[in-house]
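Reading the structure
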Amino acid sequence: MLRNDILEMMERLKLRGMQSVFDELISNGRKARWTHEKTIFELLKAEAAERHLRSMRYRLGQAKFPVLKDLDNFVFENSIVDENQIRSLYDGGFIQECSNLILVGGTGTGKTHLAIAIAAHAVRKGYRARFYNLVDLANDLEQEKAAGNGGKLTARLARFDLVVLDELGYLPFSKNGSQLLFHLISRLYEQTPVIITTNLTFGEWPQVFGDKKMTTAMLDRLTHHCDIIETGNESWRMKNSSLRVPNEAA
């Protein structure tokens, strides 16, 4: 039967989008008296849509986001950030300009939420991004170097369109880890934009990197082309927590 032969050929050619809508489109085309060209065009549109969806899913998986976040569920009324500035960054122009973004604020103020939302939207638009907790990254860089493969992870990250480095400041780095992170930032400079979330002011960064001169040089590279967003210090997670401290007995 010709239908089965067509579907089998689509399967062999991995035309999954066409295959999934074939019967529906052929039926609709007959009812609407489509031309052959119109039917072929609709099949091609279905295939293109399916490939776009598969590609987006692959890139989202490749990004390694711990969770997916979006601006739609970020409550700007509970934050001091400028909504217009965030939505401008959300459009992704800073990626084309190879500009960085640093989100500074206390725990629970939405830094990571905004970083993931901006990066995930960029992925949906076709960019390739990679999310990393900074302590985990420093450990991976050290382990790679100890195994004699130093530089490979840095080279892989440099091929992404955007790198997100989360939670700078919660734990200090070893001397080797700090040096390897400095090398990474230097490699990405003016080549791959970076989003960093941190609970530290710039003056406090030497506390986690351990070398003031190196930290100053790193900040010089990061802030050369950069938007700095302050998210405040009041945790909206704590403010909206379902936990309540009971009143003390009189």
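See above for the structure.
In short, a report on the structure. Just so we're clear, the structure is a prediction, and the values are computed from it rather than from any experiment. (Residues numbered from 1 in each chain as written. Predicted model: local features only at pLDDT ≥ 70, side-chain atom pairs only at ≥ 80, totals over all residues. Heavy atoms only, no water.)

Moving on: the packing of aromatic side chains. Two numbers describe a pair of aromatic rings. These are the distance of the centres and the angle of the planes. In total, this model carries five aromatic pairs according to the counting rule given. On the basis of an interplanar angle of 40 degrees and a centroid distance of 5.2 Å, the ring pair of F173 and F209 is categorised as tilted. One end of the pair, F173, is in the loop between β3 (162-168) and α9 (175-188); the other, F209, is in helix α10 (residues 206-209), and 36 residues separate them in sequence. Across this residue pair, the class does not change: F173 and F209 are buried. Centroid distance W205 to F209: 6.3 Å. Interplanar angle 40 degrees. Geometry classified as tilted. One exposure class covers both W205 and F209, and it is buried. Aromatic rings pair up to connect F173, F202, W205 and F209 into one cluster. Above the plane of the ring of Y132 lies R130, whose end atom (NZ or CZ) is 4.2 Å from the centre. (Phe/Tyr/Trp six-rings, centres within 6.5 Å; stacked < 30°, edge-to-face > 60°. Helix = DSSP H or I, 4+ residues; strand = E, 2+ residues; numbered from the N terminus. Buried < 20%, exposed > 50% of the residue type's maximum accessible area, 1.4 Å probe, protein only. Lys NZ or Arg CZ within 6 Å of the ring centre and 35° of its normal.)

This part takes up the pairing of strand β1 (residues 100-105). Two faces make up the sheet, and in a regular strand the side chains alternate between them. Among the six residues in β1, six count as buried, and that is most of the element. Both faces of β1 are covered, namely the face carrying N100, I102 and V104 and the face carrying L101, L103 and G105. By the bridge criterion, six bridges tie β1 to strand β5 (residues 226-232) in an arrangement that is parallel. Within β5, the position partnered with I102 by the bridge is I228. Here β1 pairs with strand β4 (residues 194-198) via four bridges, running parallel. Residue pairing for β4: I102 is matched across the bridge by I196. (Pairing = 2+ DSSP bridges.)

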